[in-house]
Amino acid sequence: RVVAMSVSHSSRLNKLVREQYMRLPQDGRVQVTYVWIDGSGEGVRCKSRTLDKEPKSIEDVPEWNFDGSSTAQAEGSNSDMFLVPVCMFRDPFCLDPNKLVLCEVLKYNRKPAETNLRHTCKKVMDLVKDSHPWFGMEQEYTLLGINGHPYGWPDNGFPGPQGPYYCGVGADKVYGRDIVESHYKACLYAGVKICGTNAEVMPSQWEFQVGPCEGIEMGDHLWMARFILHRVCEDFGVVATLDPKPMTGNWNGAGCHTNYSTEEMRREGGLKHIEAAIEKLSKRHDYHICVYDPRGGRDNSRRLTGHHETSNIFEFSAGVANRGASIRIPRQVGQDGYGYFEDRRPAANCDPYAVTEAIMRTTVLNETGVETKDYAGH
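Computed from a predicted structure; not experimentally measured.

Moving on, we come to the overall build of the protein chain. Scanning the protein chain from terminus to terminus reveals 10 helices and 13 strands. What you see for the protein chain is a C-alpha radius of gyration of 21 Å, in line with the 21 Å of a compact globule of 378 residues. For the protein chain, the spread of C-alpha atoms along the three principal axes comes to 60 × 60 × 40 Å. Buried positions account for 51% of the 378 residues belonging to the protein chain. Excluding contacts between residues fewer than 6 apart, the proportion of contacts in the protein chain whose partners are at least 24 apart in sequence is 66%. A total accessible area of about 17,900 Å² is found for the protein chain, and carbon and sulfur atoms account for 51% of it. Put simply, the protein chain has 44 plus and 50 minus side-chain charges, and the middle of one group is 1 Å from the middle of the other.

By convention here, two paired aromatic rings are described through the distance between centres and the angle between planes. On inspection of all chains with the given rule, the structure shows 8 aromatic pairs. Taking 6.0 Å as the distance between ring centres and 50° as the angle between the ring planes, the aromatic pair formed by Tyr141 and Phe208 counts as tilted. Here the residue Tyr141 occupies a position in strand 6 (residues 134–144), and Phe208 occupies one in strand 8 (residues 205–214), the gap between them amounting to 67 residues. Classification of Phe208 by relative accessible area gives buried; the value is 1%. Pairwise contacts between aromatic rings join Phe135, Tyr260 and Phe341 into one cluster. Positioned above the aromatic ring of Trp64 is the side chain of Lys47, whose terminal nitrogen or guanidinium carbon lies 4.1 Å from the ring centre. The side chain of Arg266 reaches across the aromatic face of Trp134, ending 3.7 Å from its centre.

Right, let's talk about unusual backbone geometry for a bit. Of note, the amide linkage connecting Asp96 to Pro97 takes the cis form, showing an omega dihedral of 5°. With respect to the helices and strands, Pro97 occurs in the loop between strand 4 (80–90) and strand 5 (99–106). With an omega of -5°, the peptide bond between Gly211 and Pro212 qualifies as cis. Positionally, Pro212 belongs in strand 8. Here Ser204, not a glycine, exhibits a phi torsion of approximately 80°, which is positive. Summarising the element assignment, Ser204 is placed in the loop between strand 7 (194–199) and strand 8. A positive phi is found at Glu309, a non-glycine position, where the angle reads about 60°. As for its placement among the helices and strands, Glu309 is situated in the loop between helix 8 (298–301) and strand 11 (318–320).

The next thing to look at is helix 4 (residues 217–236). Over its 20 residues, helix 4 runs 29 Å from end to end, which matches the ideal 28 Å to within 8%, given 1.5 Å per residue. Along helix 4, 15 of the 20 residues are buried, which leaves the element largely enclosed by surrounding structure. Backbone geometry just downstream of helix 4 places Gly237 in the positive-phi region, at approximately 85°.

Bridge count for strand 3 (residues 64–67) against strand 4 is 4 bridges, and the pairing is antiparallel. Its bridge partner being in strand 4, Phe66 is matched across the sheet by Met81. Taken together, the 8 bridges between strand 4 and strand 5 define a ladder with antiparallel strand orientation. Paired with Pro85 across the strands is Cys103, a residue of strand 5.

Here we come to the domain arrangement of the protein chain. Assigned domains within the protein chain: domain 1 (9–115) and domain 2 (125–364). Each of domain 1 and domain 2 was reduced to a C-alpha centroid, and the two centroids are 26 Å apart. Counting residues at the interface gives 21 residues for domain 1, matched by 23 residues for domain 2. Roughly 1,900 Å² is buried in total at the junction of domain 1 and domain 2, and carbon and sulfur atoms are behind 69% of that figure.

Running from N to C, helix 3 (residues 177–190) and helix 4 cross one another at 135°; their axes reach a closest spacing of 9 Å. In terms of their interaxial angle, helix 3 and helix 4 are classed as oblique. Considering only the axes of helix 3 and helix 4, their crossing is right-handed. Of helix 4, the residues touching helix 3 (which contributes Asp178, Ile179, Ser182, His183, Ala186, Cys187 and Ala190) are Ala225, Ile228, Leu229, Val232, Cys233 and Phe236. Taken together, the residues that form the contact of helix 3 with helix 4 break down as 10 nonpolar, 2 polar and 1 charged.

Attention now moves to a nonpolar patch on the surface. Together, Val17, Tyr21 and Leu24 line one region of the surface with nonpolar side chains, adding up to about 310 Å² of accessible area. When you line up the elements, Tyr21 lands in helix 1 (residues 15–22).

What follows is about the environment of Ser70. Of note, Ser70 is situated in the loop between strand 3 and strand 4. Its relative accessible area of 48% is what places Ser70 among the partly exposed residues. For the pair Ser70 and Glu181, spaced 111 residues apart in sequence, the C-alpha to C-alpha distance is 33 Å.

About the criteria used
- Residues numbered from 1 in each chain as written.
- Predicted model: local features only at pLDDT ≥ 70, side-chain atom pairs only at ≥ 80, totals over all residues.
- Heavy atoms only, no water.
- Helix = DSSP H or I, 4+ residues; strand = E, 2+ residues; numbered from the N terminus.
- Rg over C-alpha atoms; globule rule 2.2 N^0.38 Å.
- Buried < 20%, exposed > 50% of the residue type's maximum accessible area, 1.4 Å probe, protein only.
- Contact = heavy atoms within 4.5 Å.
- Areas by Shrake-Rupley, 256 points an atom, 1.4 Å probe, with all protein chains shown as cover.
- Lys, Arg positive; Asp, Glu negative; His and termini not counted.
- Charge placed at Lys NZ, Arg CZ, Asp CG, Glu CD.
- Phe/Tyr/Trp six-rings, centres within 6.5 Å; stacked < 30°, edge-to-face > 60°.
- Lys NZ or Arg CZ within 6 Å of the ring centre and 35° of its normal.
- Expected span 1.5 Å × (residues − 1).
- Pairing = 2+ DSSP bridges.
- Domains from an automatic or database assignment.
- Buried area = accessible area lost by both parts, 1.4 Å probe.
- Axes fitted to C-alpha atoms, helices over the stretch in contact; angles between N-to-C directions.
- Parallel < 35°, antiparallel > 145°, perpendicular 65-115°, else oblique.
- Left-handed = near helix turned anticlockwise from the far one by under 90°.
- Nonpolar A, V, L, I, M, F, W, Y, C, P; charged D, E, K, R; others polar.
- Patch = residues over 30% accessible without salt bridge, like charges linked within 9 Å, V, L, I, M, F, W, Y side chains within 5 Å.
- Salt bridge = Lys/Arg side-chain N within 4 Å of Asp/Glu carboxyl O.

This is how it looks when you write it as structure tokens:
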């Protein structure tokens, strides 16, 4: 019996016909795809234009605009929003010399849009640049059929319990590896600092890691990796969701564990600086929970239950090699006495700009409480 997998109609179009057109020369002109974060704070949008020659740096890519009333970012009566290019990548879909360009969104008055969290993150990263903060983020996601059901799961019922799926191999253990490997290659081609991938604990759930990235680069590269993931999934006709708890019940949720260090943490004796940073984080748990998902902690409350390798959302905890803690110090770091630590609280759908900014505000700028300081004068 042939089972009809739940994939989109577009994915069934003849890709060989498409290839015929993709091979046509461009006569020196270049297709540039502008990518931005929409009004949901989670979704990405894109549109393309032609430039007369290949841009060699981000300064060669002109500003553009779009209709913010169609992306939940503006009123229809005053809908033009500015796209300000900030980071350029090679285009793995249309190939060289074409480009993908990540953009910040500004409103009609040149102020950052509400979901443009890069703007303040960049200010904070500039302030703390002498501490050379490195980040690595572990992006978990779940593949869904076009019907919203986890890809490869039985139409009626559930797969066997968790256990054999994490880093699994075999047709009965993993679903959708073609997508994962295509995404990996596309990121490498684009110049995204992807550094690994693995199958996760829940079947149809996967993870890729981006880093190490310094400062603002972390958010730029993770957002572009997400865009590429959604585009690859579009080609295969399935959906990637970053929902932190896509399946209720005895299934793992999805996080975006954030590994972090400063230069002094990476040096001999750095463990004392790691412990000092964790102490500061322990006193600001509520603030971090608020910015670690797009809904002020409501999304994470479904995931951070104290079960399924998570800490409890209401309690701060830290430990060596403890995956049930808010903060994990890797065992190797405990042995070496220097290195990095992992904040396990950010949700899969977090904004990496918000997460990395919050960590710097607390651990380097020594902010306390739930209010943030405005460093406009710096």
